[in-house]
Amino acid sequence: MGFAPSGLAVFDAAAVRAGLGYGAAISAVRQAMVDLSTGRVRQQLRSFISLGAGRTFAIMPAAFVGADRPGYFGAKLVSVYNDGHGRKAHEGLVVLFDGASGRPVCLADAAEVTAIRTAAASAVATDALARPDADTLALVGIGRQALAHALALASIRTLRHIRVWGRDPAKTQAFAAQVQAATGIDTQAHDSVQRVVAGAAIVCTVTAAADPILRGDWIAPGTHVNVVGSSGPAQAEIDTDLVAASRFIVDHREHVLVHGGEFLRAKAAGILGDDHIAAEIGEVLVGRAPGRQSAEQITVYKSLGHAVQDLAATAWLYENARHPAVSPLPIIDGHAVAERLGYDTCIPLVRQAMTALSKGETQQLPRSVLPLDHGHMFGVMPGALNGGPSGGGPFGAKLVAVFPDNFDKGLPSHQGVIVLFDRDSGRPVGVVDGGEVTAIRTAAASAVATDALARPEASTLALLGYGEQALTHAHAIARVRRLSRITVWGRAPDRAAAFAARLAKELDLPVRAAASAQEAVVDADIVCTVTAAKEPILHGAWVAPGAHVNVVGSSIAGPVEVDHDLVIRSRFIADCREHVLRQGAEFLRAKAAGLIGDAHVVAEIGEVLAGHAEGRQSAEQVTLYKSLGHVVQDLAAAWPLLKKD
């Protein structure tokens, strides 16, 4: 096992339970919901990768922004495995990043954080919406969340009675005893949902029901209902009558309009419209919208759960709880990655991953980018490897912070982690330093493309850029071609010269710094652009016939490194066609200018490697490989590091 990066705290389920009390969680979640409703949170709709057989990988990124000091950002990654009998197992991690440095600082068990913060959110809503004299709680459901709700609501209301219902009478009786022992409150089991909610002032539905188990005509006037168990558009715990009869408050309007199953069913039936959502709970908390308007009114709080709640709870843990001394997860830091992931190992792994990607044997979602304050960005890249005929390969995500101004502070501009999950169990099995893997696998991908597309006799390399990627590219390209010399160009001549001297020593090759990009590439057989340029630094007119160009630095739509002429002139090969059509900046600019169409992407590199498409067609042809980077490369490179532990 590698050593955890400095400052990375890891809280397993036991550490979360020991460190995060309901009082702290309620306070953190309350502030998070206020922030969400007042524009101090950026988040994306949750995304999913289907793993087959009732198995799903969910990804939820979010960031706190716009405050006096940089806030935290990060994501919750969780597998949801359905056993086919209505029971679901949730496994995963909340990954927290520091908003000032972009550094990953904390990992916390997602299932335990979710259980506590979900109950805390219901407690926040209950405190704001239930009648002040509400003293009887009905729990529809007898699982982990039901117990957490009993504990959380008991901390904000003086409860005299708790009632519980579950489908299995024996388990319900045992659960009632468990709740009473945990809370000290009189708790009784009931044999029907109608009986358990009769006369209750507060009701919580915390089940895995796909169809309504709670009817509106069973609910007494003045009741407050927390609807918690359903988190997708196909699920509904309460019927349309209860939705329509209530003052309907949500955790987040946008998400309920997409994922709120109970609301969507009522809307589809023509019973109500979008304006039936009276307010978000955060709006109620800050006084921008009324909550309960009369003692007789029925209020419903629809809880979908949000990454900002998970991040807020995890941030409280990180700042206030004692950090465990030993990580329960294998964590491979950057030093261990550099020692163990050599280019001779990584190049074949990336070659195999890109071939599998083009054959449809892997899964990945398009990279999502969450803008942060001060021009910083948070990238989330989820995916899954097949792993062979059995389909048992790992899945997971790379989470990366991009802080360009870190370069001037002596810190890495890209920092992050790769989180890997086991396909059989759905459990996270380890965390690998994302920056070091990215540096090596990106260069390995360019080496794969160079090996497939450059002329066999190509021996001169031009590097435009002198950062970490320029260094790794030089080492990787040297593995697939016998280089005779290297030329380097960068905007700062002194830095370019220092980099050239370092590279010459490491590779034992002639390396010189050129005065211009044109001078660097004029007679190069292989060119790699590895810069942060926003406008072209390489022109097609400068590139010699027969050259191969790896365009690497720009990984999102917007910044470009090469001009239209080079894009048009080249045989254009993508790492992934779909992603280049969405985010390949150089291609998109040329297309927007009306100079090319989608067919100009002639192949994916995986298609070339598999022999399904031609690569280079002549010695004089200029070939271009557009590298955006893909999580399947990261997973393929990182997985063997964990398998050796």
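Numbering of residues starts from 1 in each chain and follows the order in which that chain's sequence is written. Two thresholds apply to this predicted model, a pLDDT of at least 70 for residue-level local features and 80 or more for giving and counting side-chain atom pairs, whereas whole-chain, interface and lining totals are computed over all residues. Computation of side-chain values: all heavy atoms of the structure, hydrogens and water removed.

1. What to know about the sheet that holds strand β30 (residues 623–626)
Point 1. DSSP-based pairing: two strands are paired if at least 2 bridges between them are found. Each helix is a run of DSSP H or I of at least 4 residues and each strand a run of E of at least 2, with the numbering of both proceeding from the N terminus. With parallel pairing, the 8 strands of this open sheet are ordered in space as β25-β24-β23-β26-β27-β30-β28-β29. One side of each edge strand has no neighbouring strand; the edge strands of this open sheet are β25 (511–513) and β29 (601–604). When strand polarity is set aside, the average angle formed by the axes of neighbouring strands in this sheet is 20°.
Point 2. Note on contacts: a residue pair is in contact if any heavy atoms of the two residues lie within 4.5 Å. Every angle, taken between N-to-C directions, lies between 0 and 180 degrees, and every axis is a line fitted to C-alpha atoms, over only the stretch in contact when it is a helix. On top of the sheet, helix α15 (residues 468–480) reaches β23 (460–464), β24 (485–489), β26 (526–529) and β27 (548–551); it is set at about 165° to β23, its chief contact.
Point 3. Together, β23, β24 and β25 form the strand contacts of helix α16 (residues 493–507), whose direction differs from that of β25 by roughly 175°.

2. Description of the domain arrangement of the chain
Point 1. Note that domain bounds follow an automatic or database assignment of domains. Taken as a whole, the chain is organised into domain 1 (124–305) and domain 2 (444–635).
Point 2. Domain 1 and domain 2 are separated by 57 Å when their C-alpha centres are compared.

3. Quick notes on unusual backbone geometry
Point 1. Backbone geometry places Ala53, a non-glycine residue, at a positive phi of 55°.
Point 2. Among the structural elements, Ala53 can be located in the loop between β3 (47–52) and β4 (55–64).
Point 3. Notably, Asp508 is not glycine yet its phi reads approximately 55°, a positive angle.
Point 4. Within the secondary structure, Asp508 sits in the loop between α16 and β25.
Point 5. You can call Asp508 exposed: its relative accessible area is 68%. Three labels apply to residues, based on accessible area from a 1.4 Å probe with only protein chains included: buried if under 20% of the type maximum, exposed if over 50%, partly exposed otherwise in between.

4. Comments concerning the packing of aromatic side chains
Point 1. By convention, a stacked pair of Phe, Tyr or Trp rings (six-membered ring in the case of Trp) has centres within 6.5 Å and planes under 30 degrees apart, an edge-to-face pair has planes over 60 apart, and any other such pair is tilted. Enumeration over the complete set of coordinates arrives at 10 aromatic pairs.
Point 2. Judged by centre distance (6.4 Å) and plane angle (85°), the rings of Tyr72 and Tyr318 are edge-to-face. Of this pair, Tyr72 sits in the loop between β4 and β5 (73–82) while Tyr318 sits in helix α11 (residues 307–320), and the two are 246 residues apart along the sequence. For the pair Tyr72 and Tyr318, one class covers both residues: buried.

5. Section: the pattern of salt bridges
Between side chains of opposite charge, pairing is possible as soon as their charged atoms come close.
Point 1. A pairing counts as a salt bridge when a side-chain nitrogen of Lys or Arg comes within 4 Å of a carboxyl oxygen of Asp or Glu. Applying the stated criterion to the full structure yields 33 salt bridges.
Point 2. A salt bridge links Asp133 to Arg131, with the nearest nitrogen and oxygen atoms 3.1 Å apart.
Point 3. We classify Asp133 as exposed; its relative accessible area is 51%.
Point 4. With a closest N to O distance of 3.0 Å, Glu262 and Lys302 form a salt bridge. In this pair, Glu262 is assigned in helix α9 (residues 261–268) and Lys302 in strand β15 (residues 299–302), connecting sequence segments 40 residues apart. One exposure class covers both Glu262 and Lys302, and it is buried.

6. Looking at the nonpolar core
Point 1. Among buried residues, those of type Ala, Val, Leu, Ile, Met, Phe, Trp, Tyr and Cys that are joined through side-chain atoms within 4.5 Å constitute a nonpolar core. Counting 73 residues, the largest nonpolar core has Phe11, Leu139 and Ile162 as the members making the most contacts within it.
Point 2. Ranked by the residues each element gives to this core, the list is headed by helix α3 (residues 110–129), at 10 residues.
Point 3. With near-sequence residues (within four places) excluded, Phe11 lies in contact with Val16, Cys106, Leu107, Ala108, Asp109, Leu317, Tyr318, Ala321, Arg322, His323 and Pro324.

7. Here we look at the packing of helix α2 (residues 22–37) against α3
Point 1. For the pair α2 and α3, the least separation of the axes is 8 Å and the interaxial angle reads 70°. The angle between α2 and α3 places the two elements in the roughly perpendicular class. Crossing of α2 over α3 shows right-handed handedness. Only Ile116, Arg117, Ala119, Ala120, Ala121, Ala123, Val124 and Asp127 of α3 make contact with α2, whose side of the interface consists of Tyr22, Ala25, Ile26, Val29 and Arg30.
Point 2. Of the residues in the contact of α2 with α3, the class split is 10 nonpolar, no polar and 3 charged. In this scheme, roughly parallel covers angles under 35 degrees and roughly antiparallel covers those over 145, while 65 to 115 is roughly perpendicular and the rest are oblique. Helix crossings get a hand from a simple test, with the near helix turned counterclockwise from the far one by less than a right angle marking a left-handed crossing and a clockwise turn marking a right-handed one. We call Asp, Glu, Lys and Arg charged. Ala, Val, Leu, Ile, Met, Phe, Trp, Tyr, Cys and Pro are nonpolar, and the rest, Gly among them, are polar.

8. Quick look at the pairing of strand β13 (residues 247–250)
Within a regular strand, side chains alternate between the sheet's two faces.
Point 1. By the alternation rule, side chains of β13 split into Arg247 and Ile249 and Phe248 and Val250, which are all buried.
Point 2. For β13 and β15, the ladder comprises 4 bridges, and the chain directions are parallel. The residue of β15 that forms the bridge with Val250 is Lys302.

9. Section: the state of the cysteines
Point 1. Here, a disulfide means two cysteine sulfur atoms that sit within 2.5 Å of each other. Tallied over the entire structure, the rule returns 0 disulfides.
Point 2. No disulfide involves Cys528; its sulfur sits 15 Å from that of Cys346, the nearest cysteine.
Point 3. Assessed through its relative accessible area of 0%, Cys528 is described here as buried.
Point 4. You can see Cys576 has no disulfide; the closest cysteine sulfur is in Cys346, sitting 18 Å from it.

10. Considering the environment of Tyr625
Point 1. Looking at where Tyr625 falls in the secondary structure, it is placed in strand β30.
Point 2. Through-space distance from the C-alpha of Tyr625 to that of Ala498 is 28 Å; in sequence the pair is 127 residues apart.

11. Some details on the sheet that holds strand β9 (residues 161–165)
Point 1. Spatial ordering of the open sheet is given by β10-β9-β8-β11-β12-β15-β13-β14, a layout of 8 strands whose pairing is parallel. Because the sheet does not close on itself, it has two edges, and the strands there are β10 (186–189) and β14 (277–280). Between one strand axis and the next, the sheet turns by 20° as a mean value, whatever way the strands run.
Point 2. Examined bridge by bridge, strand β8 (residues 136–140) and β9 share 5 bridges and lie parallel to one another. Each bridged residue has a counterpart across the sheet, and for Leu139 the counterpart in β9 is Val164.
Point 3. Sheet contacts for α3: β11 (202–205), β12 (224–227), β13 and β15; angle to β12, the most-contacted strand, approximately 160°.

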